[in-house]
Amino acid sequence: MKNLKNKFIFSIIFLILFIIWFETYSFYSIRDTKSYITLTDWKWFIDEKELIIKEREVVSVWNIIKTVWDESIAVIEWWDSSITRLWWNTEVEIKENNISSNLSKIQISLNLIKWKTRNNLVSIFWKESYFKHYVNDIEAWVRWTTFEINKEKDYVYVENHEIKLINTKTSKEVTLSKEKPMKLSTFTLLELQEFLLKIKDKTWQEINKKMDKELISSLKDWLTKQLKENNPIDFILSIFFQKYSVLYDINAFKDIENVKNKINKLNDSDKKYIYDKVFSRYQSINFLTPEDENYDKKLYYKEILLATSYDEKNTESLIKNSLYDINDIVSSNNLSKLKDSIDFLVNNKDQIDKLNIDFNKYVDTSKIPDSLKDSMIKSLEPLKEIFKNTPDLENILNFWEKIKDKAWWLIDSIKQ
């Protein structure tokens, strides 16, 4: 009987070890981590080799990619699902393409040799990650944005968030924010209205709008399937190991406060394990905007990442990303997710308070419609200290005062 019991225990231990090995092997060995390029129209080349329309080809470092003929479009799909599009008569050189399996490190760089590209980055870029786009002597250092670079017309245009531009000869730097086109050769801003009417290519703009919708739709379809999948291995491991129990709860989106309490009982090594696992999952959901039905899950993952964070730079990236979400809410005048986004900031006040963040830099209060009036100052109270370094705190107070009417959640709390 004792031997039978020992065999049973040994079998359980062997099963657990096998599951852990298989999980690790599947994650790091089976996954295809290559980046690809696909021609959607006409003709293109990689290193002078003509390729066939609609067929994917692997992108490698030092590849020279060219599109030829009018209206040719080639799309580089980086392994993290970010994209770079090349229109006709464009030529780029791939300088770096280093993306880790869990997306904790993304190092991409390319050089624009001729004409123009448009780039849509869907991941959040951590401390060791970057997307660098070179043109002439200019380096565009990018972390979370959609932007266009045009060599012949000498401009860069940011559609969302911001990029940092560096002149590699003079070391001059400038941070370029949303809807502020810049002349590359002089680092001077172009007047937006004139740029949109006379310089920006409207056909290229419409093509990209259409293709972006298709990109986001495909990402959402994939995400929906991922969120519905339940891995039985996770459940088995959760019975024997506390860190897997926490992961199982996270995967089921269980009560965030209960999960945080369980996280607080873990050692630093297990917290780091949780952080790395959740970060990989978060990357697949980062592209969601506040209008999306799964936006609450994006905030849920952020809460977990902040609860297990071991790097201040990564924490800062998450907070800035959240401020951009708030700006998107304000700009679109769709306040349905505003409470959740503000609650996220308030819930993580202690973490945010350590950072030197200017609220006004990320949230454009000028976009608030005049029709939104009255007071939301009560909800701002916990945030006053968070943004104590903001130069003009009065602007923030005015921001809240303007948007009470459509914030039913605050109105109810004030009446109580």
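Above this text is the structure in question.
Model, not experiment: these values are computed from the prediction. (Residues numbered from 1 in each chain as written. Predicted model: local features only at pLDDT ≥ 70, side-chain atom pairs only at ≥ 80, totals over all residues. Heavy atoms only, no water.)

### A word on the pairing of strand β6 (residues 91–99)
Both strand β4 (residues 64–77) and β6 contribute to a ladder of three bridges, which runs antiparallel. Bridge pairing links I65 to V92 in β6. Two strands pair when backbone bridges link them, and β6 and strand β7 (residues 106–114) are joined in this way by eight bridges, in the antiparallel orientation. Its bridge partner being in β7, N97 is matched across the sheet by I108. Here β6 folds back onto β7, and the loop between the two strands holds six residues, one of which, L103, carries a positive phi near 65 degrees. (Pairing = 2+ DSSP bridges. Helix = DSSP H or I, 4+ residues; strand = E, 2+ residues; numbered from the N terminus.)

### Let's talk about helix α3 (residues 202–228)
For α3, built from 27 residues, the straight-helix expectation of 39 Å at 1.5 Å per residue is met to within 8% by its first-to-last C-alpha distance of 39 Å. Within α3 the residues assigned to the buried category are W204, N208, M211, D212, L215, L219 and L223. With a side-chain oxygen positioned 3.0 Å from the backbone nitrogen of T203, the residue opening α3 is D201. (Expected span 1.5 Å × (residues − 1). Buried < 20%, exposed > 50% of the residue type's maximum accessible area, 1.4 Å probe, protein only. Polar contact = N/O pair within 3.5 Å; in protein donor to acceptor, adjacent residues only side chain to side chain.)

### With respect to the environment of A140
Turning to its location among the elements, A140 is positioned in strand β10 (residues 138–150). The exposure class assigned to A140 is buried, which follows from its relative accessible area of 0%. Apart from residues no more than four positions distant in its own chain, A140 is found in contact with F131, K132, H133, I149, I163, K164 and L165. (Contact = heavy atoms within 4.5 Å.)

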